[in-house]
Protein chains: 2
Amino acid sequence: MESSSTTPGGSARREATRQKLYEAAVTLIAEQGFSATTVDEIAERAGVAKGTVYYNFASKSVLFEELLRHGVGLLTASLREAAERTAGEGRGKVDALDAMIRAGLVFIDRYPAFTQLYVAELWRTNRAWNSTLLVVRQQAVAVVEGVLHEGVATGELSEEIDVPLTAAALVGMVLVAALDWKSFQPERTLDDVHAALSRLLQGRVSGRP
Amino acid sequence: MESSSTTPGGSARREATRQKLYEAAVTLIAEQGFSATTVDEIAERAGVAKGTVYYNFASKSVLFEELLRHGVGLLTASLREAAERTAGEGRGKVDALDAMIRAGLVFIDRYPAFTQLYVAELWRTNRAWNSTLLVVRQQAVAVVEGVLHEGVATGELSEEIDVPLTAAALVGMVLVAALDWKSFQPERTLDDVHAALSRLLQGRVSGRP
DNA sequence: TTCTTTGAACTGACTGGTCAGTGCAAAAGT
DNA sequence: ACTTTTGCACTGACCAGTCAGTTCAAAGAA
């Protein structure tokens, strides 16, 4: 059922080639942007002939779209897993949000290039892969919104919060803090960054009495 | 001896042309990205011949760099003004942060395309204007960091907060929430969005007892 | 006032290079 | 047998940047 539209019966070899191409493309596009990255570069970095790129993907844009789907799929699964894990442990929704923040940080730590590329493309309009992007964004944000809704329902979160906006704000908080971490203070530990964001989430910014 | 990059003695006419080029470039690049936007497009949208672009700017990249400097200059001024205004009114640092959040929203409301373009480029490496971007980013973030530092000094904010990370997280919160607002729920009012972010800043997310 | 000069500002056709995508025969892998 | 990859030559569109020539407002000359 799963597996994307254009991956009907990928042999193991083919799948390995695709993976190499994803990895090559993601770093190059993160650094330079989609248009500034050439297919020749991608092929070279992947250690593959140019013809192979076109044997495996219909076009440069399609390669990129599938890359987006693939990456956001990983992120969504990771967020969902974090939310469900804390739920299973019978902890509150704020803990679930905190766990999702951590999951987000772990993801960005592992795939910084993908994150960068995703942010760079997310608010662009007029591009070929725009509809793909919308779908894929909704998948990820929906997980956060879901937890917020549940929190409001159980009374753990204020009824007055604006779910979509708060979800976006939380995602932004994690995204930007993490990208800053990776770009400008890579020596910091994940725990460090997580602690700072937890504090913000739980309103422990003001000084104690 | 060209007139150097920083526009020392631009005539009124020249300045008007530059302004038109900025406006044309900012929307096109926000929509399509830098590399996907052609100089011909920029010239056409500005109602100017291609040669004029090169008469006014040394290259496409230089046009873009000056655009970045120009835009971030406006933002920084606006943030600083908000911080100083609340300080003058003798209010606390949390109020100053809140005022800066609003100033950020007002800016994004007025210049959504610039914001979009800025976010898309901010974490890219290996690009010509990278050093410009670093400088310009630091200017803006420094204003937020300054207020956080003052808040810690006066005891109004916890000593345990991590100033650079918290500043980045706050910026991210505003940036992403605002871009989402503009892209996906443009019917919302600024006050609405501001209220949601205020709540998050002040830890009023958990339900009341 | 009316004419002339000056140079900054602007124009757009043109050039040289780049790049996505193609085609295909031979090789390698399964 | 068949799928997949290779290597490489080729094309056609597209695009950053150039440059010889044009416009025009304003300063000065008559």
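Residues numbered from 1 in each chain as written. Chains lettered and ligands numbered in written order. Predicted model: local features only at pLDDT ≥ 70, side-chain atom pairs only at ≥ 80, totals over all residues. Heavy atoms only, no water.

## Remarks on the domain arrangement of chain A
All names here are of chain A. Stated precisely, the cut-off is as follows: Domains are outlined according to an automatic or database domain assignment. Two parts placed together each lose some accessible area under a 1.4 Å probe, and adding up what both lose gives the buried area. Each reported salt bridge corresponds to a side-chain nitrogen of Lys or Arg within 4 Å of a carboxyl oxygen of Asp or Glu. Polar contacts, as used here, are pairs of N or O atoms within 3.5 Å; protein pairs need one atom able to donate a hydrogen and one able to accept it. Residues neighboring in sequence count only if both atoms are side-chain atoms. Following the grouping adopted for this structure description, the nonpolar residues are Ala, Val, Leu, Ile, Met, Phe, Trp, Tyr, Cys and Pro, the charged ones are Asp, Glu, Lys and Arg, and the polar ones are all others, Gly among them.
Here chain A is partitioned into domain 1 (8-57) and domain 2 (66-201). Here the C-alpha centroids of domain 1 and domain 2 sit 27 Å apart. Buried area between domain 1 and domain 2, both sides added, is near 830 Å², and the carbon and sulfur share of it is 71%. Of all residues in domain 1, Tyr22, Val26 and Ala30 bury the most surface against domain 2, accounting for 55% of the area lost on that side. The tally of links between domain 1 and domain 2 comes to zero salt bridges. Linking domain 1 to domain 2 there are two residue pairs in polar contact (both at pLDDT 80 or more). Taken together, the residues that form the side of domain 1 that touches domain 2 break down as seven nonpolar, three polar and two charged.

## With respect to the protein's contact with DNA strand D
Our working rule: For this description, a residue counts as near a given molecule or strand if any of its non-hydrogen atoms is within 4 Å of it. Elements are defined by DSSP. Helices are runs of H or I of four residues or more, strands are runs of E of two residues or more, and each kind is numbered from the N terminus.
Among the 18 residues in the neighbourhood of DNA strand D, the closest are listed as Thr17(A), Thr52(A), Tyr55(A), Val39(B) and Lys50(B). Expressed as a percentage, the sugar and phosphate content of the atoms of DNA strand D within 4 Å of the protein is 73%. Within the backbone of Ala49(A), an N or O atom sits 3.0 Å from a phosphate oxygen of DNA strand D. Interatomic distance of 3.1 Å between a side-chain N/O atom of Lys60(B) and a phosphate oxygen of DNA strand D. Elements with a minimum of two residues in the surface near DNA strand D: helix 1 (12-32) and helix 3 (50-56) of chain A together with helix 3 (50-56) of chain B. Of all the elements, helix 3 of chain A adds the most residues to the surface near DNA strand D, at four residues. Its residues assigned to classes, the surface near DNA strand D comprises five nonpolar, nine polar and four charged.

## Things to note about the packing of aromatic side chains
All names here are of chain A. Here is the rule: Two rings from Phe, Tyr or Trp (for Trp, the six-membered ring) form a pair when their centres are within 6.5 Å of each other. A pair whose planes differ by under 30 degrees is stacked, one over 60 is edge-to-face, and the rest are tilted. Each ring is checked for a lysine NZ or an arginine CZ that lies within 6 Å of its centre and within 35 degrees of its normal; such an atom marks a charge sitting over the ring.
Under the counting rule described, the total for this entry stands at 14 aromatic pairs over all chains. Centre to centre, the rings of Phe107 and Tyr111 are 5.0 Å apart; their planes meet at 50°, and the pair counts as tilted. Three or more aromatic residues link up through ring pairs in this structure, and these residues are Phe107, Tyr111, Phe114 and Tyr118. A cation over a ring is seen here: Arg18 above Phe57, with NZ or CZ 5.1 Å from the ring centre.

## A few points about the packing of helix 4 (residues 60-88) of chain A against helix 6 (residues 112-122) of chain A
Residue and element names in this part refer to chain A. The condition is simple: Here an axis means a line fitted to C-alpha atoms, over the contact stretch when the element is a helix, while the angle between two N-to-C directions is reported on a 0 to 180 degree scale. For classification, angles of less than 35 degrees are called roughly parallel, those exceeding 145 degrees roughly antiparallel, those between 65 and 115 degrees roughly perpendicular, and all remaining angles oblique. By definition, turning the near helix anticlockwise from the far helix through less than a right angle yields a left-handed crossing, and turning it clockwise yields a right-handed one. Throughout, a residue-residue contact means that at least one pair of heavy atoms, one from each residue, lies within 4.5 Å.
The contact between helix 4 and helix 6 brings their axes to 11 Å, and the two run at 115°. Looking at the two axes, helix 4 sits roughly perpendicular to helix 6. Helix-helix and strand crossings are classified by hand; for helix 4 and helix 6 the assignment is left-handed. Across from Phe64, Leu67, Leu68, Gly71 and Val72 in helix 4, the residues of helix 6 making contact are Phe114, Leu117, Tyr118 and Glu121. Classifying every residue of the contact of helix 4 with helix 6 gives seven nonpolar, one polar and one charged.

## Examining helix 7 (residues 130-153) of chain A
This is how the line gets drawn: The span you would expect from a helix comes to 1.5 Å times its residue count less one. To get the bend at any residue, fit one axis to the seven residues that end at it and another to the seven that begin at it, then take the angle between the two axes. Residue exposure (1.4 Å probe, protein chains only): buried if accessible area is under 20% of the type maximum, exposed if over 50%, otherwise partly exposed.
Here helix 7 of chain A is 24 residues long and its end C-alpha atoms lie 33 Å apart, about the 34 Å a rise of 1.5 Å per residue gives. Of all the bends in helix 7 of chain A, the greatest, near 30°, is centred on Ala142(A). Buried within helix 7 of chain A we find Thr132(A), Leu133(A), Val136(A), Arg137(A), Ala140(A), Val141(A), Val143(A), Val144(A), Glu145(A), Val147(A), Leu148(A) and Gly151(A). Where helix 7 of chain A is buried, its residues touch helix 4, helix 5 (93-110), helix 6 and helix 8 (163-184) of chain A together with helix 8 (163-184) of chain B.

## Concerning the protein's contact with DNA strand C
In the vicinity of DNA strand C lie 18 residues, with Lys50(A), Thr17(B), Ala49(B), Thr52(B) and Tyr55(B) positioned nearest. Near the protein, meaning within 4 Å, the atoms of DNA strand C are sugar or phosphate in a fraction of 74%, with bases accounting for the rest. The separation between a base nitrogen of DNA strand C and a polar main-chain atom of Gly51(B) is 3.4 Å. One of the side-chain nitrogen or oxygen atoms of Tyr55(B) is found 2.6 Å away from a phosphate oxygen of DNA strand C. When residues of the surface near DNA strand C are assigned to their parent elements, the largest contribution, four residues, is made by helix 3 of chain B. In terms of residue class, the surface near DNA strand C is built from five nonpolar, eight polar and five charged.

## So, the relation of the copies chain B and chain A
Under the convention used in this document: A least-squares superposition brings the copies together, and it is based on the C-alpha atoms of residues with pLDDT no lower than 70 in both.
When chain B is brought onto chain A, the operation consists of a screw motion whose angular component is 180° and whose axial shift is 0.1 Å, with 0.1 Å RMSD remaining. Interpreted geometrically, this transformation is the action of a two-fold axis. A shared binding surface is used by both copies, with 100% of the interface residues of chain B retained as interface residues in chain A.

## A word on the interface of chain B and chain A
Facing the 54 residues of chain B at the interface are 54 residues of chain A. Summed over both sides, the interface of chain B with chain A buries roughly 4700 Å², with 60% coming from carbon and sulfur. Three residues stand out in chain B for area buried against chain A, namely Trp123(B), Arg124(B) and Leu165(B), and they jointly supply 16% of the buried area on that side. Seen at the junction of chain B and chain A, the total is six salt bridges. A salt bridge links Arg137(A) to Asp180(B), with the nearest nitrogen and oxygen atoms 2.4 Å apart. Here chain B and chain A share 14 residue pairs in polar contact (both at pLDDT 80 or more) between them. Residue assignment for the side of chain B that touches chain A shows that the elements contributing at least two residues are helix 1 (12-32), helix 6 (112-122), helix 7 (130-153), helix 8 and helix 9 (190-201) of chain B. For the side of chain B that touches chain A, the element with the most residues is helix 8 of chain B, which contributes 14 residues.

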